[in-house]
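Structural description and commentary
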Amino acid sequence: MVHRLTRRDARRIAVRAQLLDASRPTDLLSVIRHLCLIQVDLTAAVAPNVDLVCWSRLGAAYEPAELDDLLDSGRVVEYAGLLRPGEDIALFRAQMTAWPGEEVTWRTGLARWLTANQACHDDILAILRSDGPTVARDLPDTCVVPWRSSGWNNNRNVPRMLDLMEARGEIAVASREGRERLWDLAERVYPTTDVVDAESADPERDRRRLTSLGIARASMTKPPGEPWDVGDAGEEAVMEGVRGTWRVDPAQLGLPFRGRAALLSPLDRLVVDRKRLTEIFQFDYQLEMYKPVAKRRWGYFALPILYGDSFVGKLDAASDLDAGLLRVNAVHEDVDFTAAMTRSVDREIESLAQFLGLRVSRS
């Protein structure tokens, strides 16, 4: 059976699956387990991505100290730049053991580089084993073959070695000091779990991904890091006015919908796949922090504004911690806001400022 969906159906499925409808969750660990992952990005023009993602779901119920406790206990872990439920590491252990993997040819060069620098690898393991959590700058660079890149990673041997050792499941991020990661042996960071074989792990990850997204493509070009497609998970669907087929979580079909206003991080899972964002929501958005000021339409770190099942604008705001202000430079309206929309968005802005311990200042 192929489910036939309108765009409104798809929008509501996507919003509800991402826990952004009116029935706000109240438990942080349950939110992280449902979302499967949250990207770690420390850009704090308003607040770091993790905090924005958690606050936009939980509102006043979100306490960053609770997240710290979850990380300290191993119930939440950081892996490959993403926060994940600790138990989900079981779905990656087979992949770690098999790294670089025969099916991923571009990793072969990484494996050769690591082998050429086996002494540096062994030095790092020895130091972590004896000293415990350590930042990269305190680890020795004993590489005999430097890392070559045309980008900013050129000659950054220790960070690249740490990334590869993390991919192999040897080390893990134990905690953070500001922007710096403290590395330790994976066995002292990750919770003890079984190993789920690759043949079972991949479909289970697809299933969990679809549960968090609600609706997604079965296959698409792989972005860096976590995939956005879901393979054979769920059931087939087509969307009115959009080419191709989709996969939909059947648990989301036929449910009632009640929306609310929400201010989202530019890296939020609902908006980070810009192609899906356009196809389902017909929302024109780009993160403009890398654009020259004169070419920005909405601002350095504009937050997409969700209202009900539609994106209705962007909030150009910035945290000024020294002044104690959340500076609202502009609310860009993609549609004419009704009085009710304005009130709802203003309440979210005030709630965000309270969460950050700031006062709202409007230009």
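Structure shown above.
These remarks concern the structure in this document. Given the structure is predicted, the values throughout are model-derived calculations rather than measurements.

A look at the overall build of the chain
Of regular secondary structure, the chain possesses 11 helices and 15 strands. Taking the principal axes of its C-alpha atoms as reference, the chain extends roughly 65 × 60 × 40 Å. In the chain, the share of contacts with a sequence separation of at least 24, taken over all contacts with a separation of at least 6, comes to 62%. For the chain, the accessible area works out to roughly 17,400 Å², and carbon and sulfur atoms hold 49% of it. For the chain, the centre of its 48 positive side-chain charges and the centre of its 55 negative side-chain charges are spaced 6 Å apart.

A closer look at the packing of helix α6 (residues 107-116) against helix α8 (residues 157-167)
Each pair of packed helices can be summarised by the angle the axes make with each other and by the distance between the axes. At a closest axis distance of 11 Å, the pairing of α6 and α8 adopts a crossing angle of 115°. When the axes of α6 and α8 are compared, the pair comes out roughly perpendicular. The hand of the α6/α8 crossing is left-handed. Along its contact with α6, which presents Leu110, Trp113 and Leu114, the element α8 presents Asn157, Arg160, Met161 and Leu164. When the residues that make up the contact of α6 with α8 are grouped by side-chain class, the tally is 5 nonpolar, 1 polar and 1 charged.

Examining unusual backbone geometry
Each neighbour pair has its own omega, and for Trp99 with Pro100 the value is 10°, a cis peptide bond. In this fold, Pro100 is placed in the loop between α5 (93-98) and α6. Despite not being glycine, Leu19 shows a phi value in the positive range, around 65°. Its identity is not glycine, yet Ala80 carries a phi of approximately 55°, on the positive side. Within the secondary structure layout, Ala80 lies in the loop between β3 (76-79) and β4 (82-85).

Focus: a negative patch on the surface
A contiguous patch of negative charge on the surface is contributed by Asp27, Glu63, Glu66, Asp68, Asp69 and Asp72. On the secondary structure map, Asp27 appears in the loop between α1 (7-17) and α2 (28-35).

Side note on α2
For α2, every residue scored as buried is listed here: Leu28, Leu29, Val31, Ile32 and Leu35. Taken end-on, α2 shows its buried residues confined to a sector of 160°, consistent with a single buried face. As for α2, its buried residues are in contact with β2 (38-39), α3 (49-58), α4 (64-73), β3, β4 and α9 (198-213). A positive phi of about 75° marks Cys36, the residue just after α2.

Structural notes on the pattern of salt bridges
Evaluated as defined, the whole model comprises 28 salt bridges. Arg208 serves as the salt-bridge partner of Asp88, at 2.3 Å between the closest nitrogen and oxygen. Remark: Arg208 occurs in helix α9 and Asp88 occurs in the loop between β4 and α5; sequence separation between them is 120 residues. Taking relative accessible area as the criterion, Asp88 reaches 7% and is therefore assigned buried. In this structure Arg208 comes out as partly exposed when scored by relative accessible area, which is 26%. Here Lys314 and Asp334 are joined by a salt bridge, their closest N and O atoms 2.8 Å apart. Placement of Lys314 in strand β13 (residues 310-320) and of Asp334 in the loop between β14 (325-333) and α11 (339-356) is noted, with a sequence separation of 20 residues between them. One salt-bridge network, held together by shared partners, links Arg84, Asp206, Arg209 and Glu226.

The rules behind the values
Residues numbered from 1 in each chain as written. Predicted model: local features only at pLDDT ≥ 70, side-chain atom pairs only at ≥ 80, totals over all residues. Heavy atoms only, no water. Helix = DSSP H or I, 4+ residues; strand = E, 2+ residues; numbered from the N terminus. Contact = heavy atoms within 4.5 Å. Areas by Shrake-Rupley, 256 points an atom, 1.4 Å probe, with all protein chains shown as cover. Lys, Arg positive; Asp, Glu negative; His and termini not counted. Charge placed at Lys NZ, Arg CZ, Asp CG, Glu CD. Axes fitted to C-alpha atoms, helices over the stretch in contact; angles between N-to-C directions. Parallel < 35°, antiparallel > 145°, perpendicular 65-115°, else oblique. Left-handed = near helix turned anticlockwise from the far one by under 90°. Nonpolar A, V, L, I, M, F, W, Y, C, P; charged D, E, K, R; others polar. Patch = residues over 30% accessible without salt bridge, like charges linked within 9 Å, V, L, I, M, F, W, Y side chains within 5 Å. Salt bridge = Lys/Arg side-chain N within 4 Å of Asp/Glu carboxyl O. Buried < 20%, exposed > 50% of the residue type's maximum accessible area, 1.4 Å probe, protein only. Arc of directions from axis to C-beta.

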